[in-house]
Amino acid sequence: MPDDTPALDLLALLPDEWRAVLTPHLDPARMSTLSEFVAAEYAAGPVFPPLEDLFSAYRLCPPSACRVLILGQDPYHRAGQAHGLSFSVREGVSVPPSLRNVFKELGEDLGVPKPRSGTLDGWAAQGVLLLNSVLTVRQGTPGSHANRGWEEFTDATIRALDTLESRVVFLLWGGYARKKAALVGNPQHVVLEAGHPSPMNPRGFLGSRPFSAANKALADAGLPTIDWERSAD
């Protein structure tokens, strides 16, 4: 890392509860390399989400409260969109096509009216971990931070959730996310797979009814269900 690049310790930015459960699943050398890469990218900029939003998903949904995981792949790469929650965009930002399909399926599945915004922090506050496999991206360059170490970090997140005794429902949408089902071995948990909600994927997501299925899995375990209508907090 260049001498003029500020040092960054990604683990130090995590909430304490997440740091405790993730550390046993992480390689310190790989985390150091990832921290150096991410620091250099933010210094060169622009990178999304803003650094203060990097771990928003972890901050809003501690592991002890997590009941559902929705896994995305890459943050939005245009200015003003990404704020650290998969599929979610900031208040006032136009709803992206994949999220429009998520809302369409939500309406078909549970009769929920179209939300007034694309902000999903209300789901996060109820125990839905809105996680991307790669947590940062260079502006205008989707996939630019893939294969740099984030995948090991988010795989560690899934492994940590797999150790929990309380049921977690893993919603894995699309071929990339579905590969992560292999990380879930605890029979207490439930994996629900479907196609990606992107309009480029005309089949496989619409009609999958993931929201009612997730709530049934939670209810079957005696856990409170998610009020999916409360997408914005």
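Going by the structure above, here's the rest.
Calculation criteria
- Residues numbered from 1 in each chain as written.
- Predicted model: local features only at pLDDT ≥ 70, side-chain atom pairs only at ≥ 80, totals over all residues.
- Heavy atoms only, no water.
- Salt bridge = Lys/Arg side-chain N within 4 Å of Asp/Glu carboxyl O.
- Helix = DSSP H or I, 4+ residues; strand = E, 2+ residues; numbered from the N terminus.
- Buried < 20%, exposed > 50% of the residue type's maximum accessible area, 1.4 Å probe, protein only.
- Polar contact = N/O pair within 3.5 Å; in protein donor to acceptor, adjacent residues only side chain to side chain.
- Contact = heavy atoms within 4.5 Å.
- Axes fitted to C-alpha atoms, helices over the stretch in contact; angles between N-to-C directions.
- Parallel < 35°, antiparallel > 145°, perpendicular 65-115°, else oblique.
- Nonpolar A, V, L, I, M, F, W, Y, C, P; charged D, E, K, R; others polar.
- 1 Å grid on protein atoms, 1.4 Å probe; cavity = no way out; pocket = protein on both sides within 12 Å on 5 of 7 lines; lining within 4 Å.
- Points joined across faces, edges and corners; volume = space filled by probe spheres on them.

### A closer look at the pattern of salt bridges
Link 1 in the chain: Using the criterion set out here, one finds nine salt bridges in the structure.
Link 2 in the chain: Salt-bridge contacts for Lys 180 lead to Asp 155; the nearest nitrogen and oxygen are separated by 2.9 Å. You can see Lys 180 sitting in the loop between α8 (175-178) and β6 (190-194) and its partner Asp 155 sitting in helix α7 (residues 150-162), a full 25 residues away along the chain. Pair check on accessibility: Lys 180 and Asp 155 agree, each one buried.
Link 3 in the chain: We note a salt bridge from Arg 178 to Glu 193, for which the minimum N-O separation is 2.9 Å. Linking Arg 178 in helix α8 with Glu 193 in strand β6, this pair joins segments that are 15 residues apart in sequence.

### Some details on the side chain of Ser 56
Link 1 in the chain: Along the chain, Ser 56 falls in helix α4 (residues 56-60).
Link 2 in the chain: On the basis of relative accessibility, which here comes to 3%, the residue Ser 56 falls in the buried class.
Link 3 in the chain: In this structure the side chain of Ser 56 is engaged in a polar contact, spanning 3.0 Å, whose partner is the backbone oxygen of Asp 53.
Link 4 in the chain: For Ser 56, the contacting residues outside a window of four places in its chain are His 83, Gly 84 and Leu 85.

### Re the packing of helix α5 (residues 97-110) against helix α9 (residues 210-220)
Link 1 in the chain: At a closest axis distance of 7 Å, the pairing of α5 and α9 adopts a crossing angle of 60°. Taken together, the axes of α5 and α9 are oblique relative to one another. Facing Val 102, Glu 105, Leu 106, Asp 109 and Leu 110 of α5, the residues of α9 in contact are Pro 210, Phe 211 and Ser 212.
Link 2 in the chain: The residue inventory of the contact of α5 with α9, partitioned by class, reads five nonpolar, one polar and two charged.

### Observations concerning the layout of surface pockets
Link 1 in the chain: Roughly 530 Å³ of volume is contained in the largest pocket.
Link 2 in the chain: In terms of lining, the largest pocket is formed by 28 residues, of which the most central are Asp 74, Pro 75, Tyr 76, Ser 98 and His 196.
Link 3 in the chain: In the lining of the largest pocket, the residues fall into 14 nonpolar, 12 polar and two charged.

Keep in mind these numbers describe shape, not what the thing actually does.
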